[in-house]
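# Notes for the structure review
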Amino acid sequence: MRLISVSTILLSLFFIGCTSYKPVQLPKILNETNLSLPNRPEKWWEGFGDKELNSLLNEAITKNFDLLAAKSRISQAKETLAKINSSLYPSVDLSLSGSHSKESFENSTFVSNDISGYLQASYEVDLFGRLDALSKAGFHDYNRQKFDYESAYIALSSNLVTNWYDLAYSYESEKILKERIELARKEVALLKQRYQRQKAKLVDLLSQQSSLKQMESDLEAVKYQKELYKNTLSALLGKSPLEFNLNTIPSLPEKMPKQIGSVSSEVLLKRPDIQAALESLKAQDRRVAATVSAQYPRFSISASVRQSDITLNNIFENWYSSITASLLAPIYDAGSREADVKIATNKRRELIFNLKQLLVEAAVEVANAIKSIETKQKSYQIAKQQLLIAEKKEQSYRMHYLHGTEDFKRYLDAKLALKLAKDREVRSRLELIKAYISFYRATASGWN
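Residues numbered from 1 in each chain as written. Predicted model: local features only at pLDDT ≥ 70, side-chain atom pairs only at ≥ 80, totals over all residues. Heavy atoms only, no water.

### Re the packing of aromatic side chains
Quick note on the threshold: When the centres of two rings from Phe, Tyr and Trp lie within 6.5 Å, Trp using its six-membered ring, the rings pair. Their planes under 30 degrees apart give stacked, over 60 give edge-to-face, and anything left gives tilted. Working definition: helices are DSSP H or I runs of at least four residues, strands are E runs of at least two. Numbering for both runs from the N terminus. Here, a charge over a ring is recorded when the distance from Lys NZ or Arg CZ to the ring centre is within 6 Å and its angle to the ring normal is within 35 degrees.
Inspection of every chain in the model, using the stated rule, returns eight aromatic pairs. Where Tyr401 meets Tyr411, the ring centres are 5.6 Å apart and the plane angle is 10°; that geometry is what we call stacked. Of this pair, Tyr401 sits in helix H9 (residues 336-402) while Tyr411 sits in helix H10 (residues 408-443); the two residues are 10 residues apart in sequence, bridging distant segments of the chain. Directly above the aromatic system of Tyr169 lies the positively charged group of Arg427, at a separation of 5.0 Å from the ring centroid.

### Concerning the environment of Tyr118
Put simply, the rule reads: Buried means the residue's accessible area, taken with a 1.4 Å probe over protein chains only, is under 20% of the maximum for its type, while exposed means over 50%, and partly exposed covers the values in between. Throughout, a contact is declared for two residues whenever any of their heavy atoms are within 4.5 Å.
Along the chain, the position of Tyr118 falls in strand S3 (residues 108-125). Residue classification places Tyr118 among the partly exposed positions, given a relative accessible area of 24%. Setting aside residues up to four positions removed in sequence, Tyr118 forms contacts with Asp93, Leu94, Ser95, Ser304, Val305 and Arg306.

### Topic: the nonpolar core
For clarity, the cut-off: Nonpolar cores were defined as sets of buried Ala, Val, Leu, Ile, Met, Phe, Trp, Tyr and Cys residues, with membership established by side-chain atoms within 4.5 Å.
In terms of nonpolar packing, the biggest core is built from 58 residues, with Phe48, Leu53, Leu160, Val161, Tyr165 and Leu252 touching the most fellow members. With near-sequence residues (within four places) excluded, Leu160 lies in contact with Leu53, Leu56, Leu57, Ala60, Leu233, Leu236 and Leu237. Of all hydrophobic cores here, the second largest spans 11 residues; its members include Ile181, Ala184, Val188 and Leu212.

### Some thoughts on unusual backbone geometry
Not every positive phi belongs to a glycine, and Gln198 is a case in point at roughly 60°. One can find Gln198 in the loop between helix H5 (130-196) and helix H6 (202-236). When its relative accessible area of 74% is taken as the criterion, Gln198 is described as exposed.

### Observations regarding the side chain of Glu279
The criterion, for reference: Here a polar contact is taken to be a pair of N or O atoms separated by no more than 3.5 Å, where protein atoms must pair a possible hydrogen donor with a possible acceptor and residues adjacent in sequence count only if both atoms sit in side chains.
Examined against the element boundaries, Glu279 turns out to sit in helix H8 (residues 272-293). Taking relative accessible area as the criterion, Glu279 reaches 6% and is therefore assigned buried. At 2.8 Å, the side chain of Glu279 forms a polar contact with the side chain of His140. Those residues in contact with Glu279, other than ones at most four positions away along the chain, are His140, Asn143, Arg144 and Phe147.

### Looking at the side chain of Arg271
In this fold, Arg271 is placed in the loop between helix H7 (266-269) and H8. Residue Arg271 is classed as buried on the basis of its relative accessible area, which comes to 6%. For Arg271, the side chain forms a polar contact with the side chain of Asp273, separated by 2.6 Å.

What follows is the structure in structure tokens.
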């Protein structure tokens, strides 16, 4: 009776100092963000109708080292979860030992062989859910790694598509620059003739020569950028620059993705990075529960069976068995367990703030991407109109030149203006493509 009284007093003292667990309110956090987002397909890059690009992305899935590393982390998290879950079940250990000895005494030899066995099983009864909380935390960690893998794929796809069309633009720009240089050389030759006949000023000739040198310098810069884009693509495909070969020369697509519509904010919540942040928060919430549970008593049961001098005759005899039950209740630890709870709780609060900030930044990213598409579409339309005007102007000067009513210099100027207008149109098209890439990256929810 006295033992029961002492135990009751100790447990009463223990429960007084325990911190209670309050779960995180996830629906409240998510409902604080109200968005309206456009639709987008899963494999958004297929909207450009580029077969070579599609092939490169399919290759990158299996060869990109960052993606393979992310996949390896999924396997690690899976095995870590299996290890955590093992604590929910009994553990059984078997130990066997044997010895052989020989002793000589007064011309006699004594030989002895001894084999002993020890079997032990132990199991912790999860009274307050500590082990279950750690198991669920491991499960959420595993899910987070899967979402991180999808985020890595989205980043890979957007980087690869961006570099692919940057490379396409460098080919287009190189072609246009070469044509402009050829026209500029003709104009320099024409101005030299006019200057020699004193029909052109020296300053005009020098100005045109300077422009020609600048174009030649720009051409070298474009060639350099082209090699950089190739090298970046090779790295994204997990290859060295010497291993990377283009099957076709890339070109900027005329076809653009379909017009975007409007859907609910649930699209944003499907983003893998936001899902990963949610899983991290859920995992930390379960760790808070585990640290709170660690303040309460632990109850475990162990059983053991032992036999020494095992032989074929007595293998089922003379076994010694025991069963032990133990209760571990922390009474005083100078605030160590309470500090663990506060650390875990503050870590959870940090993840809540991180998630809210991520939701805000995602909303801003999507809004900026939508506005960028609208702006770039208008700029592209203006660039196309300017190109059309430059083409008509060039045709008009060509016709007048052929009929002898316009000099060759004005005709060359019109052709140069046409090349500049073409370069602006190509550049505007690239900017619009990049705006779509930013939009799809901001709203991508993974792939099947």
